[in-house]
Amino acid sequence: MAEAADFQGTSPSPARRWLRRTGALFAGVPLLAGLLQLPTAAQTHAAGQDSLKAASGSGSVAVAVDSLTPSVPGEGDTLTVSGSVTNEGKQTVTDAQVDLRLGPALNTRSDIDTVARRSAYQDGLDGAPVGGKYVKEFSKLTPGVAHRFSISVPVDKLDLGGDGVYQFAVSLSGETSAQPWNRVLGIQRTFLPWQPDGADTKTRTTVLWPLVSTAHMTAQTGSNESQTPVFRDDELAEEISPGGRLEQLVSLGKELDVTWVIDPDLLASVDAMTDSYRVQGEGDATTAGHHQAVAKDWLAELQEAVQDKEVVALPFGDPDVAALAHNGTQVTGSLSHLKEATDVAADTVDSILHVQPTTDFAWPVNGAVDPSIVKVATSGGADKVIARNDSLVETSGLPYTPSAARPIGGGTTAVVSDARLSTVFQGNLTRASSSTLAVQRFLAQSLALNLQSDKQRSIVVAPQRMPTASQAQAMAEAVTALQDGTWSQSQDLTAAAAAKPDSGATTKVPAASRYPSSLRKQELPRSAFEQIETTQDKLDKFKVILSDESRVVTPFGRAMNREMSTSWRGRSAQAADYRNGVEAYLDSLAGQVTLIEKSETKLSGRSALIPVTVQNNLVQDVEHLVLRLTSESPRRLEIDGKDFHEQRVTVSGGHSQTVKFTTSAQANGQAEVVAQLYTEDGQKYGAPVRFDVKVTEFTATVMLVIGGGFLLLVLAGFRMYTQRKRAAAREAEEDGSPESAEADGGPENSDEPDARLTPEGLLKEESGTGTRADAPEQPSDPTPDTAAESADPSGTGERVDR
């Protein structure tokens, strides 16, 4: 009522106004006290709600940090962060803002791993926004649309403390219609190494720079003098072409202080491409290769890059020493291939790159070792094994990462690479954001390692064997920043292996049971090594007959080195195809020297020459061969008087040679004969040739001759008979009358037949008995005293029907 009276303009007395105000004051004290307490409770409630809202909304926007420069900032530098934000939700984000957040320093290497694994935003752990003008605002973020940002901030505005690795993040906050309050919707964490002044003790860091590829060359070569090589495919040309994987490794590596680790097979393959070469096509067809210029350019650039740098040559073909240790040692001869691969490595590298490489290092896959792997590595000529500290795990509780060199017994040194630094560049790094995160994580781990101790240590970085082009680019960026940094200095691998080892570091090689099963499943099986040895046995038998065995031994020897390559891991089908191809090609070459098939042979007479032909379709002469002809029925047919006979054989390239064997028949019938080639040491060569020999003492030709002679004899007798009869008739006419002829006992008056006309008389006439001395000699009479037919075997020049 008083407020109504006042509102209506009435004027209360001064006493009444004083009493009303005093009462209102006392009445408002409890209310004022309540109001004073209200903001505190409201703030607490609001903070809790913000935390819940932030957690519920985090992740709906993807934040990508594509570049952070410089990677290792110094005093007075300006840090520039660029990237993109993409709304992956279904609602438009409004009042969006990109913030830079500096988190606390990370004290250990494990802390870095923990931060890298975190995904969603966590209030209090991801640092406070730098704020101010160092933000990027967007009025709205449409779903599915990427928006670029770039923020530059002076390093002194970050209020960095002492040396160390700081968590650094980029976050995106905003609101949506469904949740109309500001909250963090996405975050990307990375690391900021900070050591503006040079470290008192610098880590000696060795970075391996691998040049390794898959097997590209086959065992096949051309028949020309230069033996034109044949490649499985033309993929190597892609790798060494501008922008290719191997081209990037060379162009990037030549600017770095690294140790080159090279497979000599790669050098030999590229060197073969500098001249004429061919590529396998469909079936047995090949096509001419056309990348000679690319190969020459790549080799020239590599020759320049490795000058005055340490080069470690792996055994030729990069044999898988772990697979050999686990599956190949029980196969006779397998270890000899590893030794041969080591022996040819130095000469291959020296002849192509003109540098003398180191060949006493073995590099098992992923640095995983066990006693059998070490044993095989040393048997191949290595006295240093590149391991990794997730295999040779520290058990002594050292508070820091020890130096790489570890004596493991028998004069062998394990050079233990750092797993965190060696594996950080694995995975898909084609996106700029992934590459940037890998670089910063590498640098963070390296600085954290250096800060562990004031003791100088030698650390080795052994990345994956065949990094992609994008992985190589990230590696090069990280190594460049490291070598420009203040806590590390470069060192060769040989120096790292020779460094004094930490007394407390682990030197015990883990048992075979500790070898990762995932790696064991990828190894070449025992059957692969058995097939390799089968191919070697065939090569040994083949090469001894060649006049120039180097044309075969060298390409096949190197092909068998490739069959044991580490690059076949996880590619069992391709590995089997390659082995089968090598063996099949060797079989085809060996089959070019063969015996010509023979049909049934007829032996004319009691002895004859049997010819056997050896065909050589190779381009080179074959020698040191022995041809053996064996009778399976020696009682019927003998070869040079024995069961078998051998003759040495030499055949010119592209020609055939016929070898003749003397045979003698002992009885009529059919005999099986086997022709077989042997090497001089008594090993069978090729398939035998079997054929039948039909033995007959009198052949059809001989019978024809005998029959013809008998017919002539009969005709001669008949002629003699007619001549005698005519002579008797003439004598009767000379006597003057027929009676005189009858008186003389002619046939007309005689009761008995004329004895001269009987068969006995004919025989007497033929033998010269019962003939008158004055009888005239006839031209058809046989020569007297004809010698008896010889019973000796027929001459060796008899014709043999084939």
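For clarity, every value in this text was computed on a predicted model and none was experimentally measured.

Colleague: Please clarify how the overall build of the chain should be interpreted in this entry.
Modeller: Assigned secondary structure in the chain consists of 21 helices and 31 strands. Counting over 802 residues, the chain shows a buried share of 45%. For the chain, the proportion of contacts with a sequence separation of at least 24, taken over those separated by at least 6, is 77%. When the accessible surface of the chain is totalled, it reaches about 39700 Å², and 51% of it is carbon and sulfur.

Colleague: Before we go on, may I ask you to explain the nonpolar core in this structure?
Modeller: General note: in soluble globular proteins, nonpolar side chains tend to be found buried as a group. Formed by 64 residues in total, the largest nonpolar core has its most connected members in L211, W260, W298, L302, L353, F425 and F442. Listed in part, the 63 residues of the second largest apolar core include L603, V614, L637 and V693.

Colleague: Sorry if this is basic, but what is going on with the sheet that holds strand β16 (residues 361–362) here?
Modeller: By way of backbone hydrogen bonds, the strands of a sheet pair with one another, either parallel or antiparallel. The strand order β16-β17-β19-β18 describes an open sheet built from four strands, whose pairing is mixed. Two strands in the sheet have a free side with no partner beyond their single neighbour: β16 and β18 (405–407). In terms of strand pairing, β18 meets strand β19 (residues 413–417) through three bridges, oriented antiparallel. Paired with R406 across the strands is A414, a residue of β19.

Colleague: Explain the pattern of salt bridges to me, please; I cannot follow it from the model alone.
Modeller: Any two side chains of opposite charge can pair, on the condition that their charged atoms come close. Using the criterion set out here, one finds 26 salt bridges in the structure. A salt bridge links D265 to R562; the shortest N-O distance between them is 2.8 Å. One end of the pair, D265, is in helix α6 (residues 264–273); the other, R562, is in helix α17 (residues 550–563), with 297 residues separating them in the sequence. Accessibility expressed as a relative area gives 3% for D265, which makes it buried. R562 sits in the buried class, given a relative accessible area of 3%. Two residues, R526 and E530, come together in a salt bridge whose shortest N-O distance is 3.1 Å. In this pair, R526 and E530 both sit in helix α16 (residues 526–543), four residues apart, roughly one turn of the helix. R526 sits in the partly exposed class, given a relative accessible area of 41%. The partly exposed category is assigned to E530, whose relative accessible area is 37%.

Colleague: In this structure, what is going on with the environment of F138? I would like to understand it.
Modeller: By secondary structure assignment, the location of F138 is in strand β5 (residues 135–141). With a relative accessible area of 12%, F138 lands in the buried category. Along the primary structure F138 and G174 are separated by 36 residues, whereas in three dimensions their C-alpha atoms are 9.1 Å apart.

Colleague: How should I be thinking about helix α10 (residues 371–379) in this particular structure?
Modeller: At 3.6 residues per turn, the α-helix brings residues three or four places apart onto the same side. Those residues of α10 not exposed but buried are I373, V374, V376 and A377. Along the long axis of α10, the arc covered by the buried residues comes to 165°, so they all point the same way. Check the buried side of α10 and you find it contacts α8 (321–328), α9 (334–353), β16 and β17 (384–388). The positive-phi residue at the C-terminal boundary of α10 is G381, with phi of around 110°.

Colleague: How do you make sense of the packing of aromatic side chains when you look at a structure like this?
Modeller: Aromatic ring pairs are defined here through the distance separating the ring centres and the angle between the ring planes. Scanning the entire structure with this criterion turns up four aromatic pairs. Seen in terms of ring centroids, F231 and Y277 are 5.2 Å apart; in terms of plane orientation they differ by 65°. Their pairing is edge-to-face. Taken together, the positions of F231 in strand β11 (residues 229–231) and Y277 in the loop between α6 and β13 (278–280) put the pair 46 residues apart, joining distant regions of the chain. Exposure remark for Y277: the relative accessible area of 1% places this residue in the buried category. Relative to Y585, the ring of F556 has its centre 5.7 Å away and its plane inclined at 15°; by these criteria the two rings are stacked. Taken together, the residues F556 in helix α17 and Y585 in helix α18 (residues 572–590) connect sequence positions 29 residues apart. In this pair, the class of F556 matches that of Y585, namely buried. Of note, R558 hangs over the ring of F316, and the distance from its end group to the ring centre comes to 5.6 Å. Over the face of the ring belonging to F644 we find R628, whose NZ or CZ atom lies 4.7 Å from the ring centre.

Colleague: Would you mind showing me how to read the sheet that holds strand β26 (residues 637–639) here?
Modeller: Pairing is antiparallel in the open sheet, where four strands are placed in the order β22-β24-β28-β26. Each edge of the open sheet carries a strand with a single partner, namely β22 (593–595) and β26. Each adjacent strand pair in this sheet contributes to an overall mean axis angle of 35°, direction not counted. Both β22 and strand β24 (residues 607–616) contribute to a ladder of three bridges, which runs antiparallel.

Colleague: Please explain the environment of F691 as it appears in this structure.
Modeller: Position of F691 among the secondary structure elements: in strand β30 (residues 684–696). In this structure F691 comes out as buried when scored by relative accessible area, which is 3%. Note: C-alpha distance between F691 and A675 (16 residues apart in sequence) is 8.4 Å. With sequence-adjacent residues up to four places away left out, F691 is seen in contact with K598, S599, T601, I610, L629, A671, E672 and V673.

Colleague: For this particular structure, what's the right way to read the packing of α9 against α17?
Modeller: For any two helices packed against each other, one specifies the crossing angle of their axes together with the interaxial distance. Put simply, α9 and α17 touch, their axes get as near as 10 Å, and they point 110° apart. In this view, α9 runs roughly perpendicular relative to α17, as classed from their interaxial angle. Of the two possible hands of crossing, α9 and α17 adopt the one that is left-handed. Contacts between α9 and α17 involve H337, E340, A341 and V344 from the first element and R558, M560 and N561 from the second.

Colleague: Looking at this structure, how should I read empty space enclosed by the protein?
Modeller: Empty space among the atoms becomes apparent when a probe as large as a water molecule is rolled across them. For the structure on display, the rule yields seven cavities of 30 Å³ or more. In this structure, the largest cavity encloses a volume near 110 Å³. Among the elements of the structure, α9 and β16 are those that each provide at least two residues to the lining of the largest cavity. Among the residues making up the lining of the largest cavity, the classes are represented as ten nonpolar, four polar and two charged.

Colleague: Would you mind showing me how to read the environment of W194 here?
Modeller: Within the secondary structure layout, W194 lies in strand β8 (residues 183–194). The buried category is assigned to W194, whose relative accessible area is 7%. With 120 residues separating them along the chain, W194 and G74 place their C-alpha atoms 7.2 Å apart. Residues in contact with W194, not counting those within four places in the same chain, are P73, G74, E75, V155, L160, G161, G162, D163, G164, Y166 and L447.

Colleague: For this particular structure, what's the right way to read unusual backbone geometry?
Modeller: A negative phi holds for most residues other than glycine; trans holds for most peptide bonds. Cis rather than trans, the peptide bond between T69 and P70 has omega equal to -10°. Phi at N366 takes a positive value of approximately 55°, unusual for a residue other than glycine. For N366, the position within the fold is in the loop between β16 and α10. Phi is positive for D640, which is not a glycine, with a value near 55°. We classify D640 as partly exposed; its relative accessible area is 39%.

Colleague: Is there a simple way to think about the packing of helix α5 (residues 245–253) against helix α13 (residues 469–484) in this case?
Modeller: Contact pair α5 / α13: the axes reach a minimum separation of 8 Å and the direction vectors enclose 10°. By the angle between their directions, the pair α5 and α13 is classed as roughly parallel. Taken as a pair, α5 and α13 cross one another with a handedness that is right-handed. Of the residues in α13, those in contact with R245, Q248, L249 and L252 of α5 are A469, A472, Q473 and A476. Class assignment for the residues of the contact of α5 with α13 results in five nonpolar, two polar and one charged.

Colleague: Before we go on, may I ask you to explain the side chain of E583 in this structure?
Modeller: For E583, the location among the structural elements is in helix α18. Within polar-contact distance, the side chain of E583 engages the side chain of Q531 at 3.2 Å. Only 2.8 Å separates the side chain of E583 from the side chain of K538, close enough to count as a polar contact. Not counting chain neighbours up to four residues away, the residues in contact with E583 comprise Q531, T534, T535 and K538.

Conventions adopted
Residues numbered from 1 in each chain as written. Predicted model: local features only at pLDDT ≥ 70, side-chain atom pairs only at ≥ 80, totals over all residues. Heavy atoms only, no water. Helix = DSSP H or I, 4+ residues; strand = E, 2+ residues; numbered from the N terminus. Buried < 20%, exposed > 50% of the residue type's maximum accessible area, 1.4 Å probe, protein only. Contact = heavy atoms within 4.5 Å. Areas by Shrake-Rupley, 256 points an atom, 1.4 Å probe, with all protein chains shown as cover. Core = buried A, V, L, I, M, F, W, Y, C linked by side-chain atoms within 4.5 Å. Pairing = 2+ DSSP bridges. Salt bridge = Lys/Arg side-chain N within 4 Å of Asp/Glu carboxyl O. Arc of directions from axis to C-beta. Phe/Tyr/Trp six-rings, centres within 6.5 Å; stacked < 30°, edge-to-face > 60°. Lys NZ or Arg CZ within 6 Å of the ring centre and 35° of its normal. Axes fitted to C-alpha atoms, helices over the stretch in contact; angles between N-to-C directions. Parallel < 35°, antiparallel > 145°, perpendicular 65-115°, else oblique. Left-handed = near helix turned anticlockwise from the far one by under 90°. 1 Å grid on protein atoms, 1.4 Å probe; cavity = no way out; pocket = protein on both sides within 12 Å on 5 of 7 lines; lining within 4 Å. Points joined across faces, edges and corners; volume = space filled by probe spheres on them. Nonpolar A, V, L, I, M, F, W, Y, C, P; charged D, E, K, R; others polar. Polar contact = N/O pair within 3.5 Å; in protein donor to acceptor, adjacent residues only side chain to side chain.

Read these as layout, nothing more, since geometry by itself doesn't imply function.
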